[in-house]
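# Observations on the model geometry
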Amino acid sequence: MKKISTSTLQRPMVICLLAAFCCLLWGSAFPAVKIGYGLLSISSADSAEQLIFAGLRFLFAGVVYYNTHQLDLNRIRGFGRGKPLLHGLFLCGACSLAGIPGFLGYISKTLVHEAVVELAVETGSTAITAVEWLFLLSGGLTAAYLTKIYVAVFWQKAPADAHAASRRWGTPLSVAALMLAAIPLPMLGLLPHGLSEKI
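Here is a short report on the structure shown in this document. Each chain has its residues counted from 1, following the order in which its sequence is written. Local features in this predicted model are restricted to residues of pLDDT 70 or higher, and side-chain atom pairs are both shown and tallied only at a pLDDT of 80 or more, whereas totals for entire chains, interfaces and linings draw on every residue. Hydrogen atoms and water are omitted, and side-chain values are computed over all heavy atoms in the structure.

## Some words on helix H3 (residues 84-98)
Under the scheme used here, helices are H or I runs from DSSP no shorter than 4 residues and strands are E runs no shorter than 2 residues, and both carry numbers assigned from the N terminus. Helix span is expected to be 1.5 Å times the residue number reduced by one. With 15 residues, H3 extends 21 Å between its outermost C-alpha atoms, agreeing within 8% with the 21 Å of an ideal straight helix rising 1.5 Å per residue. The buried label goes to any residue with under 20% of its type's maximum accessible area, the exposed label to any with over 50%, and the partly exposed label to all in between, with areas taken from a 1.4 Å probe on protein chains only. Within H3, 11 of the 15 residues are buried, which leaves the element mostly enclosed by the surrounding structure. For H3, the set of buried residues is Leu-86, His-87, Leu-89, Phe-90, Cys-92, Gly-93, Ala-94, Cys-95, Ser-96, Leu-97 and Ala-98.

Next up, the structure:
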């Protein structure tokens, strides 16, 4: 009987090493996520916004990748044209991340900014004032990169060979998940007292 050779990736030692490597990668991603929370002024006490922040990013990226099999912004250009529901859901997430009034992100950004300003006034520290300026700069950069993505995906024309111009962009389950993550953003942003008074 002929012996079947084992592929390198099927060997137990290789599997263990790759699993350990993936764990290290996952562990190194956690600080990057925390930095993202800081840059987007998401409070560490605001679990709802953290979940929505993560959920919308990954869901939207997943929908785009599933349909285009691309992650390069130049290759996904125009993917959102003619998709009004996707357009609205993206705007809910983007406006919240940018801290636009009327969306959930505005509450967190306002609370963090007020705390930094109060600390700067109380201490008279130029370092705290520098932190405030970095906070404002990061907010501006957040709005800038979201605007770039928004214009590329929803307003620019798609390259001829990039992706099919299908109006269907998600399964019913992925559409429902995006809606569940995006719709609360303006609802909670328009009713901030129920959230901010508890904080």
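Following the structure, the description resumes.
## A short note on the packing of aromatic side chains
Stacked, edge-to-face and tilted are the three classes for Phe, Tyr and Trp ring pairs, Trp counted by its six-membered ring, which pair at centre distances within 6.5 Å; planes under 30 degrees apart are stacked, over 60 edge-to-face, the rest tilted. Going through the model one piece at a time under the given rule, you end up with four aromatic pairs. Pairing Phe-90 with Tyr-150 gives two aromatic rings, centres 6.2 Å apart and planes at 10°, and the pair type is stacked. Separated by 60 residues along the polypeptide, Phe-90 in helix H3 and Tyr-150 in helix H5 (residues 126-154) bring together distant segments of the chain. For the pair Phe-90 and Tyr-150, a shared accessibility class is recorded, and that class is buried. In this arrangement the basic side chain of Lys-83 is found over the ring face of Phe-79, its NZ or CZ atom lying 4.4 Å from the centre. Criterion for a charge above a ring: Lys NZ or Arg CZ within 6 Å of the ring centre, and within 35 degrees of the ring normal.

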